[in-house]
Amino acid sequence: GVFEASDSLITRNVSSIIGSTGGGGIFNIGHLVLQQTEILNNSASNDGASGGGITTFSGGISNITRGRISGNRASLAGGGLLIDEFGITNLENVEISSNEAQSSGGGLTINSQGEATIVGGIISSNTAEKGAGVSIGFRAVLSASGTEISRNIASSTSAMECGGGAIKNDGGTVGLSQVTISDNTAETTGDLSGGGGIFNNGILSVTDSIIVRNTSTGLTTGGGGLLNLEGAHTSVLRSTLSENDSDQGGGGFFNLGHLDLLSSTLSGNEAQSNGGGIYSGSGVVRIVNSTLSGNEVRSGNGGGITSHQNALIDLIHATVSGNHAATSGGGLHVSGGVAQIGNSVLAGNTANVSSPDFIGAITSLDFNLIGDTSNGSLIGPISNSILDTNPLIGPLADNGGPIFTHSLLAGSPAIDAGSSGLTATEGLLEDQRGFQRIADIDSVPNADGGVDMGAVEIIALEIDDEIAFENDGQIEFIVSISHAPPLNHQATVRFDTAGVAGGADATDDYSSLSGGLLTFEAGGPTSQTIVVSIVDDSEAENNETFEIILSESIGATIIDATATGTIIDNDEGPTPTDTPSSGTTETPTPSPTPSPSPSPSPTPPPPFDYDVRPIPPDGIINALDLVEWYTRVQDGSAESEVLFDFARFWESR
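Residues numbered from 1 in each chain as written. Predicted model: local features only at pLDDT ≥ 70, side-chain atom pairs only at ≥ 80, totals over all residues. Heavy atoms only, no water.

(A) Examining the pairing of strand E41 (residues 284–288) more closely. Where strand E37 (residues 258–262) lies against E41, five bridges are found, and the strand directions are parallel. Bridged to histidine 258 within E41 is valine 284. Sheet analysis places E41 next to strand E45 (residues 312–316), joined by five bridges and oriented parallel. In the strand pairing of E45, valine 284 is matched with leucine 312. (Pairing = 2+ DSSP bridges. Helix = DSSP H or I, 4+ residues; strand = E, 2+ residues; numbered from the N terminus.)

(B) Broad picture of the pattern of salt bridges. Scanning all chains against the criterion turns up 13 salt bridges. When the shortest N-O distance is used, the salt bridge between lysine 168 and aspartate 170 registers 3.2 Å. Accessibility expressed as a relative area gives 34% for aspartate 170, which makes it partly exposed. Sharing partners across several salt bridges, the network here consists of Asp245, Glu270 and Arg298. (Salt bridge = Lys/Arg side-chain N within 4 Å of Asp/Glu carboxyl O. Buried < 20%, exposed > 50% of the residue type's maximum accessible area, 1.4 Å probe, protein only.)

(C) Inspection of the packing of aromatic side chains at higher detail. Enumeration over the complete set of coordinates arrives at four aromatic pairs. Judged by centre distance (6.0 Å) and plane angle (40°), the ring pair of phenylalanine 27 and phenylalanine 57 falls under tilted. With a gap of 30 residues between them, phenylalanine 27 in strand E4 (residues 26–28) and phenylalanine 57 in strand E8 (residues 54–57) connect regions that are remote in the sequence. Its relative accessible area of 41% is what places phenylalanine 27 among the partly exposed residues. Among the residues examined, phenylalanine 57 registers a relative accessible area of 22% and is labelled partly exposed. Pairing phenylalanine 477 with phenylalanine 546 gives two aromatic rings, centres 5.9 Å apart and planes at 75°, and the pair type is edge-to-face. Taken together, the residues phenylalanine 477 in strand E58 (residues 474–481) and phenylalanine 546 in strand E62 (residues 544–554) connect sequence positions 69 residues apart. We note that phenylalanine 477, like phenylalanine 546, is buried. Aromatic rings pair up to connect Phe477, Tyr510 and Phe546 into one cluster. When the ring centre of phenylalanine 199 is taken as origin, the NZ or CZ atom of lysine 168, which lies over that ring, is 4.6 Å away. (Phe/Tyr/Trp six-rings, centres within 6.5 Å; stacked < 30°, edge-to-face > 60°. Lys NZ or Arg CZ within 6 Å of the ring centre and 35° of its normal.)

(D) Structural context of the sheet that holds strand E61 (residues 527–533). Taking strand neighbours across the sheet as the criterion, the four strands line up as E61-E58-E56-E63 in an open arrangement whose pairing is mixed. This sheet does not close on itself; its edge strands, each paired only once, are E61 and strand E63 (557–558). With seven bridges joining them, E58 and E61 adopt antiparallel strand pairing. Across the sheet, the residue bridging to isoleucine 478 is threonine 529, located in E61.

(E) Layout of the environment of phenylalanine 469. With respect to the element layout, phenylalanine 469 can be found in strand E57 (residues 466–469). In the structure, phenylalanine 469 is positioned 98 residues away from isoleucine 567 in sequence and 5.6 Å away in space, judged by C-alpha atoms.

(F) Broad picture of the environment of glycine 137. Along the chain, glycine 137 turns up in the loop between strand E20 (134–136) and strand E21 (141–145). Linking glycine 137 and asparagine 111, residues 26 residues apart in sequence, is a C-alpha distance of 4.6 Å. Beyond its immediate sequence surroundings of up to four residues, glycine 137 is in contact with Ile110, Asn111, Asp170, Gly171 and Gly172. (Contact = heavy atoms within 4.5 Å.)

(G) Fine view of the pairing of strand E9 (residues 61–65). Inspection of the sheet shows strand E5 (residues 31–35) paired to E9 by five bridges, in the parallel sense. In the sheet register, valine 33 faces E9, and the bridge partner there is asparagine 63. Pairing of E9 with strand E13 (residues 88–92) involves five bridges; the strand directions are parallel. Counted as the bridge partner of asparagine 63 is asparagine 90 from E13.

(H) Spatial organisation of unusual backbone geometry. Although it is not a glycine, serine 58 adopts a positive phi angle of roughly 50°. Note on serine 58: relative accessible area 45%, which makes it partly exposed. Located in the positive-phi region is glutamate 552, a residue other than glycine, with phi close to 50°. Note on glutamate 552: relative accessible area 57%, which makes it exposed.

Written out as structure tokens, the structure reads:
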């Protein structure tokens, strides 16, 4: 049958059958529809009872919208909700908070091929030994989107495989999209325990999500953000793991299974021992188009990554920078297994004792920039790699795209220094931000096809010097971008005028600009114009200059930040006049007028040859010739009068 309720309150009910599937507030094996209903302070209290608030069982279906499930308790599992034996529950904008289960799933437990779909809503402040927010059992399925899972606590002092402050997946399938997992805690002491944010022993995919400020405490395995056990598979795409902490290893990730980190950033995570960002003791870690930055180990090695025992770690188009280790290997610590690196930047890391960027043996796939190779060894090809060199990368910042990254700065040796062949082998059409991956910069020599090293492919911004005559009324500067941003993205850059010593005056000679903004849209034009008004006065003066400064670019890298504008004067100097002397004025004696004698008409001299560019001259006098004459005047190889004559010639054309 169907049970429907709206704007209702179900509270203080008790299911007391020992070992039952409970349902302290509601037990559903049919079709349940709840809207804006509160399920409060119910319990399944006897030993082995589950589903303190609601149980959906044996193929039942529960649809719950805009309600609150809070303060419920179960002596075994599912303090707020239990979904079991093929039951299905759909939750939309529901709050699940302050529920308790003694064993698993303080907020929600999904068991025995049950399914839950959660859209929006919040799962907060629930408690259990494992999976304090949500617990997923064997062959169960969870799909969550737009949900916040925060401040849940998984606490156990003895049991193995406990933890998962927000989520524990024990043999199920979990898909998270646009989910925020924050401020959850795993307080555990048993073996293979931890995962302040997520404990995964099944299949897990995390997309467009944030895992932040989660903590794993106690003498346990670790994984402040996520613990991935042997045989488990975790895929993280376009997501951020930040400020997670582990009392043991793996501030961001502790991996024993298979982990794919794709187009994601690990930043500001900390561990007490090894692997501030990632610790991998076995299994496979693939880091592709991703950034590790600002991760730290307080008393061990591998501020960014630690590879141990028989782990395999691949870094392809990765940027590992700004990480710190208390001892060695600020970026990467290889104490076992194999670490392979290609098309990547491993530089700018620090360590208190030695080997700031890496320690141990790295297998090189070539085309890497490694800032400091001291006390480390590279196995394999390195002829196209750049070693012991400053990478010239910017700070972790918003460079366009959904998450923070490090962008290469103007002049970085990593620009166009990667291998497009390796990029193609990995099938990478985009960089970490979703921008075009191979974006050749014409002014930079290519190593192999014009792809950049690291996680971010720069979009280059440039501005050209310009010249105008005073009476032109304005001077136009062209700002060009190497290629337009991709769909749903844009690049912006600020511009300002600036004076130069002895140059043009911002009031008398041109109109200053401050805080201007250019925006380059997806699929839009690749050049834009900055127009500066100039003043046409009547004063004869030297040619004068000012500057346009580009700054604060988002989504693009400024390759040339400064352009000089030159204003060419078009006024003649004062014509000298005779001043009569004081005293008597003598009357001039008129000169005799000579008799005319016939002569041929004079032939006018040819005009001055202004055509000097290109070489050989093309017979056309244009801006190229003007720039050349201006250069000659500046370096003293031509008289300044040439420019004045050129200006009059130009106006008379």
